[in-house]
Structure formats: C-alpha cells, structure tokens
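Fold and contact review
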Amino acid sequence: MLKVDLHCHSNVSDGVLAPAAVAKYARQAGVDVWALTDHDEVGGIAAARAAALELGMRFVAGVEISITWSGETVHIVGLNIDENDPALLRGLAATREGRDARGREIGEQLAKAGIHGAYEGALEFVDNPALMSRTHFARFLVQQGYCANTPEVFRKYLSEGKPGYVPHRWASLEQAVGWIQGAGGVAVIAHPGRYRFTQLQQGVLFDEFKELGGTAIEVVTGSHTPDQYPVYAQLANAYGFLASRGTDFHAPGEARVDFAALPPLPASVTPVWHDWT
C-alpha cells in the first residue's frame with residue numbers, strides 16, 4: 001500500500017526545515033507520494049519537486065490557502081496545482097499582504113500581557129518575512145519558557161479571547177477554490193475537525209464548498225485526534241467528498257503524529273489520489 005502525505009510545510013512558510021530536508025525526512029519515514037503545501041506560498045515547490053524525484057517519491061505540487069469564513073480562519077489545500085499560474089500567484093500575494101502589520105500588533109498585545117520583545121523574537125524564527133505567522137510567535141514563547149510546547153501556547157495565547165490574538169481578514173472560500181481550480185488543481189478542506197463550528201455551520205461550509213467545486217476533505221491528519229478519523233470518513237461519504245491524508249508536518253517533534261505513525265485512510269472512503277496512481 002502506498003504511503004501518501006499531502007499536507008506538509010517547509011521554512012518557506014512556517015515550517016522549520018528547507019523543502020529538500022522535508023522531502024528527505026518524509027522519504028526516510030516511508031512516504032511514497034508527497035506534497036508540499038506551504039501557507040499562501042509556492043516558492044518552495046521547485047526545490048521540493050527536485051528533491052522528491054531524486055529520492056524516488058512521486059511529488060504533488062500544493063499550497064494551503066488561508067481564508068475567512070463565518071468569521072473564522074479556515075485553510076483550503078490545493079493539490080496538483082500549476083504553481084506558475086498567474087491568477088494563483090496574484091491571489092497568494094494578495095493573501096500574504098498584511099502579515100507583518102498583524103505580527104507587529106501581536107507583539108504589542110503580548111507586551112501588554114507582560115511579554116516583551118515578542119515581535120523581534122518571532123522574527124528570529126522567520127525564514128520568509130512575508131509569511132510571519134502565529135506559529136513563529138509560539139516558537140518564541142516556548143524558547144523563552146512561557147510554555148512547554150506550541151500546543152500549550154495556543155491554549156494560553158494567540159487564540160481568540162487570549163493575549164496576543166489579532167484577527168486577520170483572508171481570502172474568501174470562493175476565491176481560494178477558484179484560484180486552485182484555475183491552476184488545474186483539486187481543492188481540499190484542511191483538518192475540518194479543528195475549526196470551532198457548530199454541526200450546522202460545518203454543514204453549511206461543506207455545502208458551499210461542494211457547490212463551488214470543492215473535491216475533498218482531510219480525514220486522517222495530524223491535526224485530528226484518532227476519534228475524529230471515522231467521523232470525517234463518514235462525513236466525506238455523506239457529502240460525496242474524496243478523502244485526503246497528511247501529517248500537517250511543520251517540524252520534527254512538533255506535530256501530534258509524525259510521518260511514520262500516521263495511520264492509513266479508512267477503507268470506507270475514496271482517496272483523493274485514487275486516479276493519480
């Protein structure tokens with residue numbers, strides 16, 4: 001059985017390793033088909049593709065687009081995209097705008113909570129200045145001893161209602177799906193179990209996504225708990241979605257589940273890659 005991972009990040013967005021190093025890490029864990037899906041950025045794809053091919057992996061060009069839906073940030077993964085598509089590139093550039101200003105405001109909010117120098121500290125973890133994110137602040141807070149790990153950071157800081165939370169207005173669902181489809185790709189809702197939606201809201205999101213041409217949802221992902229796998233397998237079938245799988249890898253030891261430990265998709269679903277291999 002092929003081991004497929006279609007959700008990973010490099011230091012081109014908020015990961016720690018360079019694209020080629022992520023490819024090597026995935027291959028060492030037995031991955032056969034691999035996608036790099038950096039946040040709102042495709043700059044790492046060329047290096048990732050070259051490394052994957054050299055290592056004997058099939059490579060899938062991808063991206064993870066931040067959107068705002070019903071007042072919440074939701075992530076839409078695009079798979080099998082043409083990373084040189086002009087409309088996609090313009091859309092991603094527009095989505096990245098404002099991250100630095102948001103980062104400075106996060107730093108100001110944390111300073112009010114008694115944590116000083118957070119913006120400058122977070123910058124030390126940023127490889128791509130256009131893509132400063134909450135994850136970079138989380139790594140700074142762990143380094144400084146405010147929290148033991150990044151999940152604890154997001155429980156205590158940077159989330160809605162907590163110190164350091166600054167909302168950002170991203171692209172729309174329609175825009176993200178349109179950019180992905182225009183680039184020849186397949187749109188996937190990333191880690192749907194992570195969003196704080198009611199069952200009714202989630203159903204509306206799925207309905208709208210399907211109406212716009214969305215294809216799949218992530219079922220097995222490092223951002224889901226094991227008890228969520230069968231729930232989202234059932235929902236994928238109920239809505240007629242294909243199922244995707246990926247660690248949501250950012251750094252060794254940082255994810256809930258690493259490449260080697262992520263289980264396969266349930267047999268009841270149709271993989272998003274079913275006609276690729």
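Preceding block: the structure.
Calculation notes
Residues numbered from 1 in each chain as written. Predicted model: local features only at pLDDT ≥ 70, side-chain atom pairs only at ≥ 80, totals over all residues. Heavy atoms only, no water. Helix = DSSP H or I, 4+ residues; strand = E, 2+ residues; numbered from the N terminus. Rg over C-alpha atoms; globule rule 2.2 N^0.38 Å. Buried < 20%, exposed > 50% of the residue type's maximum accessible area, 1.4 Å probe, protein only. Contact = heavy atoms within 4.5 Å. Areas by Shrake-Rupley, 256 points an atom, 1.4 Å probe, with all protein chains shown as cover. Axes fitted to C-alpha atoms, helices over the stretch in contact; angles between N-to-C directions. Parallel < 35°, antiparallel > 145°, perpendicular 65-115°, else oblique. Left-handed = near helix turned anticlockwise from the far one by under 90°. Nonpolar A, V, L, I, M, F, W, Y, C, P; charged D, E, K, R; others polar. Arc of directions from axis to C-beta. Phe/Tyr/Trp six-rings, centres within 6.5 Å; stacked < 30°, edge-to-face > 60°. Pairing = 2+ DSSP bridges. Core = buried A, V, L, I, M, F, W, Y, C linked by side-chain atoms within 4.5 Å. Expected span 1.5 Å × (residues − 1).

**What about the overall build of the chain?**
When its secondary structure is counted, the chain shows 10 helices and seven strands. Taking 2.2 N^0.38 as the reference for a compact globule, 277 residues should give roughly 19 Å; the C-alpha atoms of the chain span a radius of gyration of 18 Å, in line with that estimate. Seen along its three principal axes, the alpha-carbon backbone of the chain occupies a region of about 50 × 45 × 40 Å. Residues counted as buried form 54% of the 277 residues belonging to the chain. Restricting the contact set of the chain to residue pairs at least 6 apart, pairs at least 24 apart contribute 72%. A total accessible area of about 11,700 Å² is found for the chain, and carbon and sulfur atoms account for 51% of it.

**Focus: the packing of helix α9 (residues 199–211) against helix α10 (residues 228–239)**
Packing of α9 against α10 leaves a shortest axis separation of 11 Å and a crossing angle of 45°. Considering the angle they form, α9 stands oblique to α10. Considering only the axes of α9 and α10, their crossing is right-handed. Contacts between α9 and α10 involve Gln 202, Gly 203, Phe 206, Asp 207 and Lys 210 from the first element and Tyr 232, Leu 235 and Tyr 239 from the second. Each residue belonging to the contact of α9 with α10 can be placed in one class, and the counts come to four nonpolar, two polar and two charged.

**Describing helix α2 (residues 45–55)**
Listed as buried for α2 are Ile 45, Ala 48, Ala 51 and Ala 52. Seen from one end, α2 has its buried residues packed into an arc of 135°, which puts them on one side. Residues of α2 that are exposed and point over 90 degrees away from its buried face: Ala 46, Leu 53 and Glu 54. In this structure, the buried residues of α2 make contact with α1 (19–28), β2 (33–36) and β3 (58–69). Downstream of α2 by one or two residues, Gly 56 has phi in the positive range, about 85°.

**Focus on the packing of α1 against α2**
At a minimum axis distance of 8 Å, the contact between α1 and α2 shows a crossing angle of 30°. Pair α1 / α2 crosses with right-handed handedness. For the pair α1 and α2, contact is made by Pro 19, Ala 20, Ala 23, Lys 24 and Arg 27 and by Ala 47, Ala 48, Ala 51, Ala 52 and Leu 55, respectively. The residue makeup of the contact of α1 with α2, split by class, is eight nonpolar, no polar and two charged.

**Observations concerning the packing of aromatic side chains**
Where two aromatic rings form a pair, the distance of their centres and the angle of their planes describe that pair. Evaluated as defined, the whole model comprises 10 aromatic pairs. By way of ring pairs, the aromatic residues Phe 206, Phe 209, Tyr 239 and Phe 241 are connected into one cluster.

**Comments concerning the side chain of Arg 99**
As for its placement among the helices and strands, Arg 99 is situated in helix α4 (residues 99–112). Once you skip the residues sitting within four places of it in the chain, Arg 99 turns out to touch His 39, Asp 40, Ser 66, Ala 130, Leu 131, Met 132, Ser 133, His 168 and Trp 170.

**What to know about the sheet that holds strand β7 (residues 242–246)**
Taken in spatial order, the seven strands make up an open sheet running β1-β2-β3-β4-β5-β6-β7, and their pairing is mixed. Only two strands of the sheet have a single neighbouring strand rather than two, namely β1 (4–5) and β7. Here five bridges tie strand β6 (residues 216–221) to β7, and the two strands are oriented parallel to one another. The residue of β7 that forms the bridge with Val 220 is Arg 245. Sitting on the sheet, α10 is in contact with β6 and β7, with an inclination near 160° to β6.

**Description of the nonpolar core**
The tendency in soluble globular proteins is for nonpolar side chains to be buried as a group. The biggest cluster of nonpolar side chains holds 68 residues, and the ones touching the most others in it are Leu 6, Trp 34 and Ile 76. Among the elements that make up this core, the one with the highest residue count is β3 (seven residues). Leave out the neighbours within four places in its chain, and Trp 34 touches Asp 5, Cys 8, Pro 19, Val 22, Ala 23, Ala 26, Ala 48, Ala 52, Met 57, Arg 58, Phe 59 and Val 60. Formed by 17 residues, the second largest nonpolar core is a distinct cluster that contains Ile 106, Ala 122, Ala 138 and Leu 141.

**Observations regarding α9**
The terminal C-alpha atoms of α9, which comprises 13 residues, lie 18 Å apart, in line with the 18 Å expected from a rise of 1.5 Å per residue. For α9, the set of buried residues is Gln 202, Gly 203, Leu 205, Phe 206 and Phe 209. Angular distribution of buried residues about the axis of α9 spans 160°; they occupy a single face of the element. Summarising the geometry of α9, the exposed residues directed more than 90 degrees from the buried face are Leu 200 and Glu 211. Taken together, the buried residues of α9 touch β3, β4 (72–79), α8 (173–182), β5 (186–189), β6 and α10. At the exit of α9 stands Gly 213, carrying a positive phi of roughly 105°.

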